[in-house]
Amino acid sequence: MKAAQLDFLKLFGGTTILSKQVVSELFRRPLYFRLIVEQIYQIGIRSLPLVIVTAGSTGMVMALQFGLGLEKFGGKLYIPKIVSLSIVREMGPVFTCLVLAARIGAGITSEIGSMTVTQQIDAIRALGTSPIKRIVIPRVIGALIAIPILSIAANFVGILGALLVGANDLGLDPVFFVQKVLTTVWVPDFLAGFFKTPVFAGIIAIVGCYFGLTVKGGTKGVGSATRQSVVTSSICILVGDYFLTKFFWIFEQWL
Amino acid sequence: MAIIEVKHFNKSFDGHAVHKDVSFRVEKGECLGLVGGSGIGKSVVLRSLIGLEKPTSGEIWIEGEEISKLKERDLTAIRKKVAYVFQNGALFDSMSVYDNLAYPLREHTAFNEDEIQTRIHDQLEEFGLLEAEGKLPAELSGGMQKRVGLARAMMIGPKVILYDEPTAGLDPYNTLKIRETVLRLKKKGVTSVFVTHDMPTAIAVCDRFVMLGEGRVLDERRADELSRKDPGPLERFITGDYGGY
């Protein structure tokens, strides 16, 4: 078997086992509420400026690109519809999670990786406590709570960015823009994007923790694990997005 | 009565056997020196005594309980009885010295914060670390980090302490401090296993030695049986005539 296939199997097996441990320890006491709140702050509040800048820029660029393209065919009026649907169903959740995979995933892996190479994870175990409960579960729960909320914020900021460009550069009436967005985006559209975010959040946290806990080779190993964590999470998010989109598409057809 | 018993311990990493058949026992209140050349796997044995490593085969008995097949969750009770002092202290670098010492108390006892504060203060005083209370580990010297690590390991009164090279890289002053602490704990009846290359300290604190090499126990001797006239592998290792490989 080739090394790449073995690595993939190791990663798949390792993350599956880690997920199983998280689920089995989640309902055992103690649950470290203070650590969970700390992670919600770290992941949520501290990522907010990055998400706002990313989502705002994405919305503005999309409005501009669609505006320039559709203007030739007299289709400028469709900009609010196209941009808002694209943001709510795809760009908001996926872009937010890709950006967070880099910020949060890298942060989780490097922090836990440093703890691993300095034997702090061993110390947690040697002191009769569980690294899964103290280190992994707060990060997973923190990500599961904070990332979906951040994606909602990204949707709003993205549409707001598109509205600004629409009003200032493309000559669209802001009231018309808002009306079109409100009549276009329905609850199923919002949910189709929103329900992807817990899956992506789980991927970011579990993959980040897995690479951090399995670091080998000192500080060089921490750097390498951090890189692998970001790449793996990003690929999983993009590939997972296709399957989730297809799933929600089939589900909506069935409804 | 043996508080620790290792039977036919075998440990392999990626198919490479580090230990093939290691057996020894540690009596209650005894300080056992585990010695041998660099890289022969003394720390692997020590880590296995607290379940941080699982043997490939063989048995490890702690106070009459076989621990090598216990699940991580079930090792908690063992880890309250057996403390591990890491080579570099392994202090939690995001916590102050106070919080590092409070960690085992907050996790395993029902003490309120006032009681915890009193106990930490007493412990810091006993270990000569009062001035370090509010500092982060990064602000401490290597010697102080090791002493804090030792103080943390002692917080909930373990019956056994496993020392992983506690004096490595320390100046004579800090080495002496650690040595005094180990002797003080020994007087209190704490059983210990001492992995070290620092032979003067080992001879000062250990009652008995087990020498590892070639994946097995090469020599085993009480400290008062060490002889210069008829040196075995252990004496030759101590005097530097034999690497133990």
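Our structure is the block above this text.
If you're wondering where the values come from, they're calculated on a predicted model, not measured in any experiment.

Quick word on a nonpolar patch on the surface
Link 1 in the chain: Residues A:Val231, A:Ile235, A:Val239, A:Tyr242 and A:Phe243 make up a contiguous nonpolar surface patch of about 500 Å² in total accessible area.
Link 2 in the chain: Residue placement: A:Tyr242 occurs in helix α10 (residues 218-254).

Remarks on the nonpolar core
Link 1 in the chain: In terms of nonpolar packing, the biggest core is built from 84 residues, with B:Ile4, B:Phe24, B:Leu34, B:Leu162 and B:Val193 touching the most fellow members.
Link 2 in the chain: The biggest single contributor to this core is helix α6 (residues 131-168) of chain A, with 12 residues.
Link 3 in the chain: Aside from chain neighbours lying at most four places away, what touches B:Leu34 is B:Phe24, B:Lys42, B:Val45, B:Val193, B:Phe194, B:Val195, B:Thr196, B:Val210 and B:Leu212.
Link 4 in the chain: Counting 41 residues, the second-largest nonpolar core is a separate cluster that includes B:Leu105, B:Ile116, B:Met154 and B:Val205.

Quick look at the pattern of salt bridges
Residues and elements named next belong to chain A.
Link 1 in the chain: Counting across every chain of the model gives 30 salt bridges over all chains.
Link 2 in the chain: Of the charged contacts, one joins Glu38 and Arg34 as a salt bridge, the two residues approaching to 3.3 Å between their closest N and O atoms. Here the residue Glu38 and the residue Arg34 both occupy positions in helix α2 (residues 33-43), the gap between them amounting to four residues, near one helical turn.
Link 3 in the chain: Under the relative-accessibility criterion, Glu38 is labelled partly exposed at 37%.

With respect to the side chain of B:Glu165
Residue and element names in this part refer to chain B.
Link 1 in the chain: Mapped onto the elements of the fold, Glu165 is located in the loop between β7 (160-164) and α6 (172-187).
Link 2 in the chain: Buried charge Glu165 goes without a salt bridge, the closest partner of opposite sign being Lys42 at 4.8 Å.
Link 3 in the chain: What Glu165 contacts, discounting residues up to four positions off in sequence, is Gln87, Lys146, Val195, Thr196 and His197.

Quick look at helix α3 (residues 97-108) of chain B
Link 1 in the chain: Most of α3(B) is tucked away, with nine of its 12 residues classed as buried.
Link 2 in the chain: For α3(B), the full list of buried residues reads B:Val97, B:Tyr98, B:Asn100, B:Leu101, B:Ala102, B:Tyr103, B:Pro104, B:Leu105 and B:His108.

Examining the interface of chain B and chain A
Link 1 in the chain: Chain B puts 23 residues into the contact, and the matching count from chain A is 15 residues.
Link 2 in the chain: Buried surface at the junction of chain B and chain A, summed over both partners, amounts to about 1,700 Å²; 48% is from carbon and sulfur atoms.
Link 3 in the chain: For the pair chain B and chain A, the interface holds three salt bridges.
Link 4 in the chain: Between A:Arg134 and B:Glu107 there is a salt bridge; the shortest N-O distance is 2.7 Å.
Link 5 in the chain: Summed over the shared surface of chain B and chain A, the result is 10 residue pairs in polar contact (both at pLDDT 80 or more).
Link 6 in the chain: Of all the secondary-structure elements, those providing two or more residues to the side of chain B that touches chain A are α2 (76-81), β6 (82-85) and α3 of chain B.
Link 7 in the chain: Examining the composition of the side of chain B that touches chain A, we find that four residues originate from one element, α3(B), more than from any other.

Quick word on unusual backbone geometry
All names here are of chain A.
Link 1 in the chain: Residue Arg29 is joined to Pro30 through a cis peptide bond whose omega torsion reads -5°.
Link 2 in the chain: With respect to the helices, strands and loops of the structure, Pro30 is situated in the loop between α1 (3-26) and α2.
Link 3 in the chain: Although it is not a glycine, Gln119 adopts a positive phi angle of roughly 65°.
Link 4 in the chain: Within the element layout of this structure, Gln119 appears in the loop between α4 (79-117) and α5 (120-126).
Link 5 in the chain: Take Gln119: its relative accessible area is 18%, and that puts it in the buried class.

Observations regarding the packing of aromatic side chains
Link 1 in the chain: Across all of its chains, the model carries 12 aromatic pairs over all chains by this definition.
Link 2 in the chain: Ring geometry for A:Phe195 and A:Phe248: centres 6.5 Å apart, planes at 25°, overall stacked. Remark: A:Phe248 occurs in helix α10 and A:Phe195 occurs in the loop between α8 (187-194) and α9 (196-213); sequence separation between them is 53 residues.
Link 3 in the chain: Judged by relative accessible area, A:Phe195 falls into the partly exposed class, the value being 42%.
Link 4 in the chain: What makes A:Phe248 buried here is its relative accessible area of 12%.
Link 5 in the chain: Three or more aromatic residues link up through ring pairs in this structure, and these residues are A:Phe190, A:Phe194, A:Phe195, A:Phe247, A:Phe248, A:Phe251 and A:Trp254.
Link 6 in the chain: Over the ring of B:Phe92 we find B:Arg152; its NZ or CZ atom is 4.7 Å from the centre of that ring.
Link 7 in the chain: Taking the ring centre of B:Phe127 as reference, the NZ or CZ of B:Arg184 above it sits at 5.5 Å.

Calculation rules
Residues numbered from 1 in each chain as written. Chains lettered and ligands numbered in written order. Predicted model: local features only at pLDDT ≥ 70, side-chain atom pairs only at ≥ 80, totals over all residues. Heavy atoms only, no water. Patch = residues over 30% accessible without salt bridge, like charges linked within 9 Å, V, L, I, M, F, W, Y side chains within 5 Å. Areas by Shrake-Rupley, 256 points an atom, 1.4 Å probe, with all protein chains shown as cover. Salt bridge = Lys/Arg side-chain N within 4 Å of Asp/Glu carboxyl O. Helix = DSSP H or I, 4+ residues; strand = E, 2+ residues; numbered from the N terminus. Core = buried A, V, L, I, M, F, W, Y, C linked by side-chain atoms within 4.5 Å. Buried < 20%, exposed > 50% of the residue type's maximum accessible area, 1.4 Å probe, protein only. Contact = heavy atoms within 4.5 Å. Lys, Arg positive; Asp, Glu negative; His and termini not counted. Buried area = accessible area lost by both parts, 1.4 Å probe. Polar contact = N/O pair within 3.5 Å; in protein donor to acceptor, adjacent residues only side chain to side chain. Phe/Tyr/Trp six-rings, centres within 6.5 Å; stacked < 30°, edge-to-face > 60°. Lys NZ or Arg CZ within 6 Å of the ring centre and 35° of its normal.

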